[in-house]
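The chain contents come next:
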Amino acid sequence: MSSSRTQPSSSSSSSSVWQHQYMKLHFFSRIRSLLKSKASSRKRDLQSSPEISRTQQDSEKVLAPPEILSKPSEDENEEVVLQRTVKKLHFGTFEEKEKAAIEIEKLSREDKKNRKLMAELGVLQVLVSMVASDISGHQRSAVMALIQLSHGTHTNKALMVNAGICSKLPKKVEILDQSTRYGFAELLLSLSSLTSTQLPVSSSQILPFLMETMNSDTTEMKCKEICLATINNLCLVLENAGPLVTNGAVKTLLSLMLVKDLSEKALASLGQLVVTQMGKKAMEEDSTVSKSLIEILTWEDKPKCQEYTAYILMVLAHQSWSQREKMAKAGIVPVLLEVTLLGSPLVQKRAVKLLQWFKDERNVRMGPHSGPQTSRVSSGIGSPMSPRSGEEGKKMMKNLVKQSLYKNMEMITRRGDVDLEREAGRLKSLIISTSSKSLTY
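Presented here is a report on the structure given in the accompanying data block. (Residues numbered from 1 in each chain as written. Predicted model: local features only at pLDDT ≥ 70, side-chain atom pairs only at ≥ 80, totals over all residues. Heavy atoms only, no water.)

1. Description of the nonpolar core
Within soluble globular proteins, side chains that are nonpolar generally end up buried alongside one another.
Piece 1. Leu127 and Ile165 are the most contacted members of the largest nonpolar core, which totals 93 residues.
Piece 2. Excluding residues within four positions of it along the chain, Leu127 makes contact with Leu89, Ala101, Ala142, Ala145, Leu146 and Leu149. (Core = buried A, V, L, I, M, F, W, Y, C linked by side-chain atoms within 4.5 Å. Buried < 20%, exposed > 50% of the residue type's maximum accessible area, 1.4 Å probe, protein only. Contact = heavy atoms within 4.5 Å.)

2. Concerning the pattern of salt bridges
Piece 1. Inspection of every chain in the model, using the stated rule, returns five salt bridges.
Piece 2. Notably, a salt bridge pairs Lys260 with Asp301, separated by 3.3 Å at the nearest N-O pair. Residue Lys260 is located in helix α15 (residues 260-273), and its partner Asp301 is located in the loop between α17 (289-296) and α18 (303-317); the two are separated by 41 residues in the primary sequence.
Piece 3. Residue Asp301 is classed as exposed on the basis of its relative accessible area of 52%. (Salt bridge = Lys/Arg side-chain N within 4 Å of Asp/Glu carboxyl O. Helix = DSSP H or I, 4+ residues; strand = E, 2+ residues; numbered from the N terminus.)

3. Some thoughts on α17
Piece 1. Where burial is concerned, most of α17 is hidden: six out of the eight residues are buried.
Piece 2. All buried positions along α17 are accounted for by Val289, Ser290, Ser292, Leu293, Ile294 and Ile296.
Piece 3. Those residues of α17 hidden inside the fold are in contact with α14 (249-256), α15, α16 (277-285), α18, α19 (321-329) and α20 (332-342).

4. Some words on unusual backbone geometry
Piece 1. Although it is not a glycine, Gln319 sits at a positive phi angle of roughly 55°.
Piece 2. Tracing the chain through its elements places Gln319 in the loop between α18 and α19.

5. Side note on the side chain of Asn240
Piece 1. Take Asn240: it is sitting in the loop between α12 (221-235) and α13 (241-246).
Piece 2. From its side chain, Asn240 meets the backbone oxygen of Leu234 in a polar contact 3.0 Å long. (Polar contact = N/O pair within 3.5 Å; in protein donor to acceptor, adjacent residues only side chain to side chain.)

6. As for the environment of His90
Piece 1. Take His90: it is sitting in helix α4 (residues 74-91).
Piece 2. Look at His90 and you get partly exposed, because its relative accessible area is 24%.
Piece 3. With 31 residues separating them in the primary sequence, His90 and Leu121 have C-alpha atoms 9.8 Å apart.

Right under this line is the structure:
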């Protein structure tokens, strides 16, 4: 009986050993075939120019000392390093795998051809599994290697996603150090160029990681910029609007748009989301949207932010009386008047369109009516102004016109000074040339 019990266990252990040996044999045979193909391509290059290779061989025989001749070539060194590194990554200890990942990052940065070669050797799957490690150094080295392997190759990005990189992202951002956090953000930015069918945005850890990273007070500004660039790429795909809104992207972007260093990227993403039904609804439900957007509209040193803001306000105000009322109460009309005089040409055009809507709204509410409707008119945004408010409005308009005139006068004066300098220079050269011609000695 005892012999019959021990027999299955011994057979299972021997089969596992056999599988491990077979995997190693298959791995080394792949490396050998790849290196052989690389060597044969080099031989073909040498055969295509036999005279150059022959002269190089003769010069090496004459000039090279014996200790240099005994050394392997750089290509052979690279092949040996690559073979040893991939072997350690597959079958080494934790420390050896970490060192191998660092070496793979270096090799991928130095030679683009190594990226495809390493993907064929199964490096990506091992590195993706290392991303889920609890050891920070182990995790960081794997992420940095994956970043280099993803650059410039669509196939490697798709293989990383197939290996499950999107489900292995850390769920707690606060435990990561800044360099690892930055590495994950950079890797997701690279992967965000994939299509919606290849990148599982809704069913993965991508959006929770990005939202937590951007909302964290400990995240550096540069890392937040990369996360915003990733969100902007995801917003370009219409199918991602639903998952983005569900994961709180609108709320996060609305808070980041008030930070001047991040405002442009945040507003660009909001401009993509506001044209969708879910994105527009989420922005309409936020009570601080109108006030915040009107504040950004006054940033004269950020013309691009003004243009994005005017666009978002146009979309929100289009065929929405409630949104126009909120904007009017927040004081949008005087700001729009200022922008039409001092803003860029694009924001001026959008501001004029918004002002036209508010004017039409007022005309409709104060239009012909059959009976006295004083209460209705006085409660709306187009209610008659008091004498005091009318005088304040006139003063404000006078100040705005003065500012615009002063600005135009400065530009004209500046141009005039340049023209005067040019004319003075031309006159001076003309006097010198004529006086030199009149001299007879």
